[in-house]
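Topology and contacts: notes
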There are 2 protein chains.
Amino acid sequence: MKIAIGQLNYHIGNFEKNLQSMLQATATAKEQGADIILFGELAVTGYPPRDFLQFEDFIERCQFVVKELAKAAQGIAIVVGAPTVNPVIEGKDLYNSAYFLADGEVLHVQHKALLPTYDIFDEYRYFEPASTFEVVEYKGKRIALSICEDIWNVGNENPMYTICPLDKLKEQYPDFILNLSASPFDCKHAQDRIDTVRANVERYQIPLFYANHVGAQTEIIFDGGSIVMSPDGKVYDEMPYFQELVKTYDLDAVLKGGIHQVQPKEKISLIHDALVVGIQNYFGKLGLKKAILGLSGGIDSAVVAVLAQRALGAENVRCILMPSQFSSDHSIQDARQLAQNLNIQYDLIEIEPMYKAYELALRPHFAGTHFDVTEENIQARIRGMLLMSFSNKFGAILLNTSNKSEAAVGYGTLYGDMAGGLSVIADVYKTDVYALANYMNKDGEVLPQNIITKPPSAELRPDQLDSDSLPDYDILDEILYQYIEKMKGPKALVKQGFDAKLVERILKMVDRNEFKRAQMAPALRVSSKAFGMGRRIPIVGKYLS
Amino acid sequence: MKIAIGQLNYHIGNFEKNLQSMLQATATAKEQGADIILFGELAVTGYPPRDFLQFEDFIERCQFVVKELAKAAQGIAIVVGAPTVNPVIEGKDLYNSAYFLADGEVLHVQHKALLPTYDIFDEYRYFEPASTFEVVEYKGKRIALSICEDIWNVGNENPMYTICPLDKLKEQYPDFILNLSASPFDCKHAQDRIDTVRANVERYQIPLFYANHVGAQTEIIFDGGSIVMSPDGKVYDEMPYFQELVKTYDLDAVLKGGIHQVQPKEKISLIHDALVVGIQNYFGKLGLKKAILGLSGGIDSAVVAVLAQRALGAENVRCILMPSQFSSDHSIQDARQLAQNLNIQYDLIEIEPMYKAYELALRPHFAGTHFDVTEENIQARIRGMLLMSFSNKFGAILLNTSNKSEAAVGYGTLYGDMAGGLSVIADVYKTDVYALANYMNKDGEVLPQNIITKPPSAELRPDQLDSDSLPDYDILDEILYQYIEKMKGPKALVKQGFDAKLVERILKMVDRNEFKRAQMAPALRVSSKAFGMGRRIPIVGKYLS
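About the thresholds
- Residues numbered from 1 in each chain as written.
- Chains lettered and ligands numbered in written order.
- Predicted model: local features only at pLDDT ≥ 70, side-chain atom pairs only at ≥ 80, totals over all residues.
- Contact = placed C-beta atoms within 7 Å.
- Helix = DSSP H or I, 4+ residues; strand = E, 2+ residues; numbered from the N terminus.
- Nonpolar A, V, L, I, M, F, W, Y, C, P; charged D, E, K, R; others polar.
- Pairing = 2+ DSSP bridges.
- Axes fitted to C-alpha atoms, helices over the stretch in contact; angles between N-to-C directions.
- Domains from an automatic or database assignment.
- Expected span 1.5 Å × (residues − 1).
- Core = buried A, V, L, I, M, F, W, Y, C linked by C-beta atoms within 7 Å.
- Buried ≥ 20, exposed ≤ 12 C-beta atoms within 10 Å, placed from the backbone.

Another aspect to go through is the interface of chain A and chain B. Tallying the contact residues gives 74 residues for chain A and 72 residues for chain B. Among the elements that make up the side of chain A that touches chain B, the one with the highest residue count is helix α10 (residues 373-394) of chain A (11 residues). The residue inventory of the side of chain A that touches chain B, partitioned by class, reads 39 nonpolar, 20 polar and 15 charged.

Residues and elements named next belong to chain B. The strand order across the open sheet formed by six strands is β5-β4-β3-β2-β1-β14, and the pairing between neighbours is mixed. On the outer flanks of this sheet lie β5 (105-111) and β14 (245-250), each paired with one strand and no other. Between one strand and the next, the sheet's axes are offset by a mean angle of 30°, whatever the strand orientation. One ladder, built from three bridges, connects strand β1 (residues 2-7) with strand β2 (residues 36-38); its direction is parallel. Looking at β2, one finds that Ala-4 is bridged to Ile-37. Against the sheet, helix α2 (residues 56-72) contacts β3 (77-85), β4 (94-102) and β5, and its axis sits at roughly 160° relative to β3.

Attention shifts here to the domain arrangement of chain A. Residue and element names in this part refer to chain A. Each assigned domain of chain A is listed here: domain 1 (2-265) and domain 2 (270-517). Centre-to-centre, using C-alpha coordinates, domain 1 lies 38 Å away from domain 2. Contacts between domain 1 and domain 2 engage 11 residues on the former and nine residues on the latter. When residues of the side of domain 1 that touches domain 2 are traced back to their parent elements, those giving at least two are β10 (214-217) and β11 (220-223). Taken together, the residues of the side of domain 1 that touches domain 2 break down into six nonpolar, three polar and two charged.

Moving on: helix α4 (residues 189-204) of chain A. Counting along an α-helix, one turn takes 3.6 residues, and residues three or four places apart therefore face a common direction. Residue and element names in this part refer to chain A. A rise of 1.5 Å per residue sets the reference length of α4, with its 16 residues, at 22 Å; its end C-alpha atoms lie 23 Å apart and thus fit the reference within 8%. In this structure, the buried side of α4 is in contact with α3 (165-170), β8 (176-180), β9 (208-211), β11 and β12 (227-229). Looking one or two residues beyond α4, the residue adopting positive phi is Gln-205, at roughly 60°.

So, on to the nonpolar core. The biggest cluster of nonpolar side chains holds 374 residues, and the ones touching the most others in it are Leu-38, Val-79 and Ala-305 of chain A together with Leu-38, Val-79 and Ala-305 of chain B. Sequence-distant contacts of Val-79 of chain A, that is, excluding residues within four places in its chain, are made with Ile-36, Ile-37, Leu-38, Phe-39, Ala-98, Phe-100, Leu-145, Leu-178 and Leu-180 of chain A.

All names here are of chain A. Looking at the secondary structure, you find Ser-331 in helix α8 (residues 329-342). Expressed as a C-alpha distance, the spacing of Ser-331 and Val-154, which sit 177 residues apart in the sequence, is 54 Å. With sequence-adjacent residues up to four places away left out, Ser-331 is seen in contact with Ser-296, Gly-297 and Glu-459.

Now for the sheet that holds strand β6 (residues 136-138) of chain B. Residues and elements named next belong to chain B. Within the open sheet, the six strands sit side by side as β6-β7-β8-β9-β12-β13. Their pairing is mixed. Two strands lie at the open edges of the sheet, namely β6 and β13 (235-238), each paired on one side alone. Strand-to-strand, the axes of this sheet are offset by a mean angle of 20°, without reference to chain direction. Relative to strand β12 (residues 227-229), strand β9 (residues 208-211) is paired through three bridges, and the arrangement is antiparallel. Among the inter-strand pairings, Leu-208 is bridged to a residue of β12, identified as Met-229. With respect to the sheet, helix α4 (residues 189-204) is in contact with β8 (176-180), β9, β12 and β13, its orientation differing from that of β12 by roughly 30°.

Once that is clear, we can look at unusual backbone geometry. Residues and elements named next belong to chain A. Cis peptide bonds are those with omega within 30 degrees of zero, and the linkage from Tyr-47 to Pro-48 qualifies with -5°. Here Pro-48 is to be found in the loop between β2 (36-38) and α2 (56-72). Phi is positive for Tyr-415, close to 65°, though the residue is something other than glycine. Topologically, Tyr-415 is positioned in the loop between α11 (404-409) and β19 (422-423). On the neighbour-count criterion, Tyr-415 (24 C-beta atoms within 10 Å) is buried.

Structural data, given as structure tokens:
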């Protein structure tokens, strides 16, 4: 028997596109001699469909796609994820299901039992967990179907769950396991997946075929890396990251095993590729091509410019340099040099005339006050506004260049440098932004070296440096990481050896700036805990602030 | 026996304040001769605490408050909601619990069984459902404790749930039921609550005491309206809306019944009061006093100005009039008149000098293009920026004045008229904004009549009217209501008799503008489905757009 994995890039709610992709992948798999093709979890809808699931029309269209795929399941079986209406009145309205389609019909449906409801996941909002488990027989093989999280409670050792679907399916002597996943990228997650697949294979001693999504849905990025594992616990194949691919595997060869093929997992390289895909798919799925961004001469906007050029092509990226009286000469030179290195269009607009117009208009109302954060913000907002004007006039999406460290502590201006349709690096700590910059320069200077080496500054008042108001990024980022990703509170952080006053100061800054992040553009998610839908903090909350 | 209800305004994560409020209420109840005082669900933390629940320190502080309250439970029992650590490894880490504190100790803990995970609710993200149910005995009475949703599955008829906690407690012959709630306001919800309490009372034939929160937590508003119901199914008392109150009831009198006292439930009046409380609490809980807003002379900003003045006092509200060449004379006059009626400070700033500065700076880059939405947005953004400058300079929060109809169809400018810290009326359809305006004028002209009667216009180009690009608000709002609140898709709407093309056009506008709403300030929630945390729609989704 031959089993194909279709590692595809779905688009939420774009039923026509998802159907066509799967039909084409099915044809390819047939050419490759496959008996079965395996797609991802909720492949019909794209993941996560969120509240679209609550519309009747939406579910009807899902069922239409399943029927069309069933028709195409001739000479090949198609295994695909789609929602199912729960026929029982009690419980949630839907199941999250795996459809086994063969000979033009639905041969079997297995629902998902373990419904992640943490971080970005809200599955219990929509789905009833499966209560029955049955293997499906096809061409003389007994096949266990599982959906994503279903394999993440090996031997019931995951404290979140109380049942282990595969323990139940095992009682029916399956020959192998298929898993339909929608497992989002984070920079350390690929190894977790392999370890989890291995734990299952070691427990059940049968091969496991694991199909993931690729591509991004707004902030959520899927990296693919679908896995085929032999009973010997070796990765028979790990499919490439961030690429659509249809690949067919011979079951006998997989059973024999002894082969070990994995993808490289260097963190910064993965983040780089994920962000490029994130940009590409945000534009592609919205039907847009052109990006605009402000180049300050600093490292954040420089890194975003490189990512944008790589994602969209030099011809689709335009930069605006908007110096003020506080901008240093080298900043403008560095920005200009970068734009030239990238071969992207750039324009220069001095913000002083606008600044003066505001100053004059506000002077009678601001009499007796001094230059403060107001005037700093005016500069940032003039830039945001000029960029949005280019965005509106030319149909280009403004890319936001805030990094995670500054988004965390609120070191940014709402409607100014926080403006944009997509936050490209707002899940990348400043220290990793430097690492990204160095990575980009590994085969020759793309970013002028001065952009990497000079001390970071917002350049909104004379001789301003980030270090005036923030601790060193090395320390700041470590505290932020422990607080945000690891959810360690102040007591735990002090126990880890961080200075108590510094911890208090930083955590308060994070909490107090929830109101800013509530209005931040969606941030491409590359960590296990990104700002946005995966981190839900009350704005008026007073826990630490 | 005498039972007090403490209907209080908690503050999320403000443990000191919540503890002090409850201690004071307990003292009041003792003075009133109460044997028991009942507080709300998760009263210790405020509701909803969201991901704060994932921090160890946060849970420790909850337990500290419970201990302090237990100490105060001398001569009176205190019933209070707080999270409990689940001692079992399997399952979620916490329970959502009711603590019965008496004689300085925890006499009983009952966990919540029915965990709402829909709309704004994410309880299954944090909590394990209760599996055991026990009444508590106190002073010779057997008391059934229930938490909010626990009473919303009467006789297992709610399709969302499969168990009915009170059916289980009933087997232990309770004398009465206590319910700790955190039931958010929407303009039709108070009657639902009474009906639900009645259904329980009719089923169990014993009194029910229902304690709700009051006050707002960012966008979520609690209206109170705590209920005491006699076994005869009559509302013995419905406590006032939007007010803190401690009130003690004699159990014998409640048992005897025959009394029916409810609060008036006029929709527009309730929305008005809810919005005033929403503004007050947003400012109060953030420790701020002053608001700023732009007055255009249109009805939306006028209504928000009135609400702000009523919430914060005339001395804390400041308005800026920012006319352009496209502003009509009557707009400025109307705005001025309104500010005078409200006795609030207003300033006038012509935006033309800024507009000209932008035009000049952009001219070389925009050569060959015409006046379009770009230039309209520039005007709106200059206003947003001026307002934010006042906000920064004087520590005043900018109130956003977008209504729900325009937020739905994207009729607004990001970083322009969509700017602000709090969206006051973004959950109020335009037709209800008119109703609010008329309600405000019921005892004499507050809003100049011309603001209500003139045709709505954004005044961003010559002779512009909302009706140029939008259908009549009567029709628009009805379609939006069916799509947003009732979650009816296009098929269902056409079946209801709406024009198919109009439905398609409007629904596409709603879906396409998800990216704008993703950056909208939190919107005070007054309907059963508000934009924000209760409505989760993918930005790149292509279901209808």
